[in-house]
6 protein chains.
Amino acid sequence: MAGESPPANRRVKTVDNLAIEQLARLALEEDLRSGDLSTEASVAGGTHAAGHAVAKSDMTCCGGALFGATFRCLDPRVSFEGLTAEGDSVRSGQVLWKVSGDARALLSAERAALNLAQIATGVATQTRRYVDALPRGSKTRIVDTRKTTPGLRLLQRYAVRVGGGHNHRDNLGAAVLLKENHIRAAGGIEAAIRAARQHAPHTSKIEIEVTDLDELASALDARAEIVMLDNFSDEDVERAVTQAKGRALLEVSGGITLERIPRLAAAGVDVISIGALTHSAPAADISFLLR
Amino acid sequence: MAGESPPANRRVKTVDNLAIEQLARLALEEDLRSGDLSTEASVAGGTHAAGHAVAKSDMTCCGGALFGATFRCLDPRVSFEGLTAEGDSVRSGQVLWKVSGDARALLSAERAALNLAQIATGVATQTRRYVDALPRGSKTRIVDTRKTTPGLRLLQRYAVRVGGGHNHRDNLGAAVLLKENHIRAAGGIEAAIRAARQHAPHTSKIEIEVTDLDELASALDARAEIVMLDNFSDEDVERAVTQAKGRALLEVSGGITLERIPRLAAAGVDVISIGALTHSAPAADISFLLR
Amino acid sequence: MAGESPPANRRVKTVDNLAIEQLARLALEEDLRSGDLSTEASVAGGTHAAGHAVAKSDMTCCGGALFGATFRCLDPRVSFEGLTAEGDSVRSGQVLWKVSGDARALLSAERAALNLAQIATGVATQTRRYVDALPRGSKTRIVDTRKTTPGLRLLQRYAVRVGGGHNHRDNLGAAVLLKENHIRAAGGIEAAIRAARQHAPHTSKIEIEVTDLDELASALDARAEIVMLDNFSDEDVERAVTQAKGRALLEVSGGITLERIPRLAAAGVDVISIGALTHSAPAADISFLLR
Amino acid sequence: MAGESPPANRRVKTVDNLAIEQLARLALEEDLRSGDLSTEASVAGGTHAAGHAVAKSDMTCCGGALFGATFRCLDPRVSFEGLTAEGDSVRSGQVLWKVSGDARALLSAERAALNLAQIATGVATQTRRYVDALPRGSKTRIVDTRKTTPGLRLLQRYAVRVGGGHNHRDNLGAAVLLKENHIRAAGGIEAAIRAARQHAPHTSKIEIEVTDLDELASALDARAEIVMLDNFSDEDVERAVTQAKGRALLEVSGGITLERIPRLAAAGVDVISIGALTHSAPAADISFLLR
Amino acid sequence: MAGESPPANRRVKTVDNLAIEQLARLALEEDLRSGDLSTEASVAGGTHAAGHAVAKSDMTCCGGALFGATFRCLDPRVSFEGLTAEGDSVRSGQVLWKVSGDARALLSAERAALNLAQIATGVATQTRRYVDALPRGSKTRIVDTRKTTPGLRLLQRYAVRVGGGHNHRDNLGAAVLLKENHIRAAGGIEAAIRAARQHAPHTSKIEIEVTDLDELASALDARAEIVMLDNFSDEDVERAVTQAKGRALLEVSGGITLERIPRLAAAGVDVISIGALTHSAPAADISFLLR
Amino acid sequence: MAGESPPANRRVKTVDNLAIEQLARLALEEDLRSGDLSTEASVAGGTHAAGHAVAKSDMTCCGGALFGATFRCLDPRVSFEGLTAEGDSVRSGQVLWKVSGDARALLSAERAALNLAQIATGVATQTRRYVDALPRGSKTRIVDTRKTTPGLRLLQRYAVRVGGGHNHRDNLGAAVLLKENHIRAAGGIEAAIRAARQHAPHTSKIEIEVTDLDELASALDARAEIVMLDNFSDEDVERAVTQAKGRALLEVSGGITLERIPRLAAAGVDVISIGALTHSAPAADISFLLR
């Protein structure tokens, strides 16, 4: 699968105009629906200002276009300049993005723009840590899950890619993943896979979750195309790789820590999926300085 | 101000029906807009099931009504039972909530319901840690900020209250907080406060941010009702309390850690505001087990 | 509090781009969702026209940017020119605003644009009448209420400020106002104030409604920061001011007429709140003439 | 045309479920999007209460279902009882509607529910005054215009009917009304009517606005089905009726006052359209008393 | 009524900006809400491309502005050129519209833009076939119905006009059409017409559906302004025209085929309404070629 | 792949509550936003009625739950009874569904409910015709495309499954399909497949479009998992199957007619995708009879 890093500008498409506008609007409406008492009171209309966003710690930069668009959503005359590319590793103190325009717009949109950019950069930074833990040249993918923040899935999945990770399925209609309850309801691994193959679009691979090596054997016999090894120990993961012999993609999930990544990758699993990339990434510490 | 814990059922109102429905819908639409391939394929219509949510670590329970409502938003016949009250401290292994009804609805809404509940409980748990660091009987408030996740501010603020914290202003139109740029634009601390008092509703106190003790003196002279001590050292906070002599509420902000809480509270500040309550609270680890 | 009129351009921020666009869209969609039969039939595409809005009576001008934006929402090439500033007192016959562009866009958006501008100017004009009834140099504020038209609160509150008035709290979550039923439920004035202080953000003053001078005494003892004198006679208002001795802001509400304003202001109340500023302001009479 | 009053329950359909729900939600979201600080602080969950809406002056009752639905939108368990029928003339002091249920829901939704009901009843009451000014047995209709509050057209048109009036076209796509600018663009009265007849659905009558008796003659010659006499004096209206000889419906518009109604009706015009029914109806004075 | 074809640019107004934007957004969001995996993977950002839409069969061109706007909704820098006017008859192989700009935007929006344009052109083409079946110089109108695709009524009605047809009422509130159930509920044809005339705006003609010549007689006696002859044979239509003697417009509906059009038109009916114009028009076959 | 028909109740999940409500609302709002003049005028409130939907030709029944929900969306007290199961083949004259309740609700929602049900049944019926053309026991799938009606993709894809067909990818983010322009931009078939595999979630198979047998060879060499044979003749399809030897799923697309289905299936292709299932399915002829 993956491995050699392709040029970032090719793999990482920025989230599209429609999505950017929706997210910026969501953040602004929540914060500004009754105006901005402090700015209205203290800043005269027509004042010009310029601001820049600065990294307050080391981070993997993400969300620049969205940051700029949030200000421009409030006032289309604000100009935006990106000093870093999406996915750049930046040091604490480095300037990420600049905006200039009406001082009221800059002050009123600052928090909304930062909230979005800090989430995006936080996820990218978290992802990069896991990706960097992979052995050099590894073909193993670091992958997100559906454990995302409601309303922000598109942004968080984008940030995972910016951080060098990959995406799992976007939603319940985009791909098949048969878990324990599906298997039981269908009457077993083989029956569940057969039903899913029959029901799902022919474009989807069939993934199934197994909890031990016996179930893995059943899943391989039933020609699952991906098998998720749920909460396997490192040793069992190694046994699973040996047992699978490449007949299916193997995905490791559950209880993943940074420390386990090298051994799991060395074992030869194809995919390591990690909910914490999105559900528990701390916000990146970015300041906005205005002159 | 605060201090002695009032009965939880009085202070902590659950987010209202309208908000619950909106959040549940948001989460479900993102995950289910193209159906649920795995469940449709493997679970026959009309199958009944029951599931329960279990804490996988110690946590402060939050979001039960929202958890239940997410399933019922997909199928109104699902029944919900809360085994814990909002704000309860629960141990790893404890059952939080039960749902029962159509197996398809339970499986399809599971992730959306959990994502919401894990965020709410994560924020409540994070808040409780800071609140518990206060000296017994302290009157100091632990307070959130506007550093919330776009779209989830209402839920996160509710979770802060459930965790024993208090809320800062909800949005830029709800109260005045004059920061450095406002002050500079208005022509100084006294001018900024005068302008804000003139502009703002008479129901708002005027809060102003200061960066040293001289500015604090100016703010007190100008009769600010709340002064935010921005990035003050513990020593300077203590000096500020002495200097203020109760003429204004004092809020400490910036660089707050759990370790600093006891000394800051002992110093007698009224409010400690902490962005990390909402922007960097890890999701609570809650499992959903289905039978 | 208020009094000497600050420069209008400082206090009165125009409603922001997001809000303007939403209001324009709301009005246009209601009127144009099935097209415009008359204009489509009679006006050839590509015809150019220019129109101007004229005051048909004396009024306080408000809503110019929104008026222009409504046409531009239908056709972004329409140009807009404001001949009056927000808050200007204009005479019958005076031209307020000019638009020019595609004749079809001007004709189709005319009614929607006028409906919005007439409401805004109506509220500003109504407010100005009350403000002008204040004695010269008075520090008393004329203030709106939550008795606004659903969907138009932001616009109406803006118009109140344009007319020289001030705003009360924006919504039920922005500030505390304890009324009779809250007091009874909490177990009395003192208990209600204590509960509110405990629950509300520290940025909110606590306001409480009283119906006689005894209740006022209780409210002052409980350190309410604002007391609303509900349906007090002029004499009782005067007694209340004497009794309060500046310990709380006093707000008069209920049964306010233009005639009572001078005496109430002379008595020294801080705030006079008037539902009729928004709920019963007649639309301003503005004509749109097209060439 | 109209005249003898048909049974109210036949002519006046209540606005439908979809519309009621949308309006209630609009009003509630504006007021409650950050919660209700006062009620949350002072009223314990689970408290039961009952409230009733009382007329504080004479009025024509309108909006009962919407009033009740607003509370139920916040809490579906609230019960509603209507003591008056839509369109009933009620005296000051009379109870209109009762609700009972959770005290928090009643307190939090009170203002939103009242704002809507006061607008509806205000329009119905205003309309009834004009309708009552018609001579007994008159066939003349009192009719609204498109000068409505953005977002509330459906409700205001309903209230006009409840007050005994009739509706003009709902929007620009529902019927043809050729005004001065359409006529000039089309090249004259006859050309405008021909173009409109060609363009419009065959279900629409063609209405055209004239400013003098000569234009009326042209409009009749061109077989306009309705002619709007714009700002005609009473005398000219009488001449117009004589001239038209029933060849077209005649609608009088512009500068209508209550005093002119009897003479205009006696002259035999078919329709009197009045913007003030909706754009300048004062809110009805309704109180909500809670126990 | 109709007949001699008026210049297309006068009768056929393009759907307005608001509607175009809404439709484009609807189509794009459905297709692109999780990004575009294929384009993101294979096309580098910044690649320029140009595409043109080509008719793959003979058709009546419709929807050009909407086609272009869909691409521009994704990327405002895309340029659009229309090589055909709305309503032009084009031959298979002819180029209709050109777009150029960012290759990713062109590829990602292609399907959404085509889906809309193919529906619009399909309806226009279908309509033109019926219109062309009218005898030369006929005054009979080909008219649509409310049997439209939910969400697309505005577009489909526009396409009917582009194809040379006319529109029936837009929705249930725009005009009166009394069908069998209304008549029965009202107590007969005469009572139903009287009730409708009383209730409806004076701008609406009253249309009523009849199933035989006796009912036609009753409808004419009650002065219906339009009578719909429901499922009449050609012979009965001819008798109806004779019987009506121009006292009402006659509309034929039900079981209309292309073959019947000449005879029905020759019989002198005013309107032929055909659900199949919108509910069963096959999509036009248009290709999009990209370089 | 497919072939032996699995029990319908297992494969065909009805569209979920959220989707049904959204579609019903969309259709009702378009038709009823200004009320229903005819019904309001002629039907007294409180009248009870019952109606049933009858097939006017042979069809494959689809959309029953949505049909009922549309009435209930207007009035929740309407009851619904389904006399046919989704996917049933019904004869002309057969009753499909029954509703009963308030006569006004039945009359006002009738058209909206029928429009939706006729589209759903139309697509299911069209699909069934293609599925029935497959040889008995064939493993070939009849599959839809993204050529759906904007706003109705979810419903149309459901209807395809109800008709016995299968779905292709739901949207551009759900799966990879590399077309000519992607291939050219990426620098050839092999490069495009490599880039897609690198970018796409590991759950997606990679599909690529080829225009001749040479390209097919390249695609197979590059290990495409699905190859779309674009506009291949029947002979070339047969050669492609021989050449592929099961190394990839083969999908035939372009110029598919009912007549070609048996030979294509016999050739052994896995998938036949047909835009006409959704973009050109005529509405099913269903009548609604009311008593």
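Residues numbered from 1 in each chain as written. Chains lettered and ligands numbered in written order. Predicted model: local features only at pLDDT ≥ 70, side-chain atom pairs only at ≥ 80, totals over all residues. Heavy atoms only, no water.

Novice: Outline the overall build of chain A, supporting the account with residue identities and numerical values.
Specialist: Of regular secondary structure, chain A possesses 12 helices and 12 strands. Viewed in the frame of its principal axes, chain A has a C-alpha envelope of about 70 × 40 × 30 Å. Here chain A holds 291 residues, and the buried ones make up 66% of them. Put simply, 70% of the contacts in chain A that link residues at least 6 apart link residues at least 24 apart. With an accessible surface of roughly 9,900 Å², chain A has 48% of that area assigned to carbon and sulfur atoms. (Helix = DSSP H or I, 4+ residues; strand = E, 2+ residues; numbered from the N terminus. Buried < 20%, exposed > 50% of the residue type's maximum accessible area, 1.4 Å probe, protein only. Contact = heavy atoms within 4.5 Å. Areas by Shrake-Rupley, 256 points an atom, 1.4 Å probe, with all protein chains shown as cover.)

Novice: Can you explain the relation of the copies chain E and chain C? Please cite residues and give values.
Specialist: With an axial shift of 0.0 Å and an RMSD of 0.0 Å, the rotation relating chain E to chain C amounts to 120°. Accordingly, the operation relating the two chain copies is best matched by a three-fold axis. (Least-squares fit on C-alpha atoms with pLDDT ≥ 70 in both.)

Novice: Describe the interface of chain D and chain C, with residues and values.
Specialist: Taken together, the contact between chain D and chain C spans 57 residues of the former and 57 residues of the latter. Both faces considered, chain D and chain C share a buried interface measuring about 4,600 Å² in area, 57% of it formed by carbon and sulfur atoms. For chain D, the biggest contributors to the area lost against chain C are Leu37(D), Pro150(D) and Leu172(D); these three give 15% of the whole. Applying the counting rule to chain D against chain C returns 6 salt bridges. Here chain D is connected to chain C by 32 residue pairs in polar contact (both at pLDDT 80 or more). (Buried area = accessible area lost by both parts, 1.4 Å probe. Salt bridge = Lys/Arg side-chain N within 4 Å of Asp/Glu carboxyl O. Polar contact = N/O pair within 3.5 Å; in protein donor to acceptor, adjacent residues only side chain to side chain.)

Novice: Now, about the confidence of the model for chain A: what can you tell me, with residues and values included?
Specialist: Residue and element names in this part refer to chain A. Across chain A, the average pLDDT comes to 93, with 95% of residues at 70 or higher. Confidence drops under pLDDT 50 across residues 1-12; counting only partners more than four residues distant or on other chains, this segment forms 31 contacts. The ipTM value of the predicted complex is 0.93, and its pTM value is 0.94. (pLDDT = per-residue confidence, 0-100.)

Novice: An account of the environment of Gly165(F) is requested, with residue identities and associated values reported.
Specialist: With respect to the secondary-structure elements, Gly165(F) resides in the loop between α6 (153-162) and β7 (176-178). Once you skip the residues sitting within four places of it in the chain, Gly165(F) turns out to touch Thr127(F), Val131(F), Ile142(F) and Val160(F).

Novice: Give a detailed account of the state of the cysteines, specifying residues and quantitative values.
Specialist: All names here are of chain E. Taken as a whole and assessed by the stated rule, the structure comprises 0 disulfides over all chains. Just so you know, Cys61 is unpaired, no disulfide at all, and the nearest cysteine sulfur is the one on Cys62, 7.3 Å from it. Owing to a relative accessible area of 0%, Cys61 belongs among the buried residues under this scheme. (Disulfide = S-S within 2.5 Å.)

Novice: I'd like to hear about the sheet that holds strand β3 (residues 79-82) of chain C, residue by residue, with values.
Specialist: All names here are of chain C. The 4 strands are arranged β3-β5-β1-β12 in an open sheet whose pairing can be described as antiparallel. At either margin of the open sheet sits one strand with a lone partner, and together these are β3 and β12 (286-290). In this sheet, neighbouring strand axes are inclined to one another by 15° on average, regardless of whether the strands run parallel or antiparallel. In this sheet, β12 lies alongside strand β1 (residues 48-55) in antiparallel orientation, the contact comprising 5 bridges. By the bridge assignment for β12, Gly51 is matched with Leu290. (Pairing = 2+ DSSP bridges. Axes fitted to C-alpha atoms, helices over the stretch in contact; angles between N-to-C directions.)

Novice: I'd like a description of the packing of helix α2 (residues 17-32) of chain C against helix α4 (residues 64-74) of chain C, backed by residues and values.
Specialist: Residues and elements named next belong to chain C. Where α2 meets α4, the axes come as close as 9 Å, and the angle between the chain directions of the two elements is 60°. Judged by the angle between their axes, α2 and α4 are oblique. Relative to α4, the crossing made by α2 is right-handed. For the pair formed by α2 and α4, the contact residues are Ile20, Leu23, Ala24, Arg25, Leu28 and Leu32 on the first element and Ala65, Leu66, Ala69, Thr70, Cys73 and Leu74 on the second. (Parallel < 35°, antiparallel > 145°, perpendicular 65-115°, else oblique. Left-handed = near helix turned anticlockwise from the far one by under 90°.)

Novice: So what's going on with the relation of the copies chain D and chain C? Which residues, and what values?
Specialist: Each of the two chain copies can be brought onto the other by rotation about an axis and movement along it. If you rotate chain D by 180° and push it 0.0 Å along the axis, it lands on chain C with an RMSD of 0.0 Å. As the rotation angle and translation indicate, the two copies are arranged about a two-fold axis. Comparing interface residues between copies, 100% of those in chain D also lie at the interface in chain C; the contact surface is shared.

Novice: Lay out the packing of aromatic side chains in plain terms, naming residues and giving numbers.
Specialist: Going through the model one piece at a time under the given rule, you end up with 24 aromatic pairs over all chains. Ring plane angle 75° and centroid distance 5.1 Å describe the contact between Phe67(D) and Phe71(D), whose orientation is recorded as edge-to-face. Taken together, the residues span about one helical turn, with Phe67(D) and Phe71(D) both in helix α4 (residues 64-74) at a distance of 4 residues. Phe71(D) shares its class with Phe67(D); the two are buried. Geometrically, the ring pair formed by Phe71(E) and Phe288(E) is stacked, given 5.5 Å between the ring centres and 25° between the ring planes. Highlighted residues: Phe71(E) in helix α4 (residues 64-74) and Phe288(E) in strand β12 (residues 286-290), separated in sequence by 217 residues. Using a relative accessible area of 0% as the deciding quantity, one classes Phe71(E) as buried. (Phe/Tyr/Trp six-rings, centres within 6.5 Å; stacked < 30°, edge-to-face > 60°.)

Novice: Give me the lowdown on the sheet that holds strand β5 (residues 95-102) of chain D, citing residues and values where you can.
Specialist: All names here are of chain D. Spatial ordering of the open sheet is given by β3-β5-β1-β12, a layout of 4 strands whose pairing is antiparallel. The open sheet is flanked by β3 (79-82) and β12 (286-290), the only strands paired with a single partner. Taken pair by pair, the neighbouring strands of this sheet meet at an average axis angle of 15°, ignoring direction. Most of the contacts of α4 go to β3, to which it runs at about 170°, and overall it touches β1 (48-55), β3, β5 and β12. Contacting β1, β5 and β12, helix α5 (residues 103-132) runs over the sheet at an angle of about 155° to β5.

Novice: Give me the lowdown on unusual backbone geometry, citing residues and values where you can.
Specialist: Residue and element names in this part refer to chain A. For Asn231, which is not a glycine, the phi torsion comes out positive at approximately 60°. You can see Asn231 is positioned in the loop between β9 (226-230) and α10 (234-244). On the accessibility criterion, Asn231 (54% relative accessible area) is exposed.

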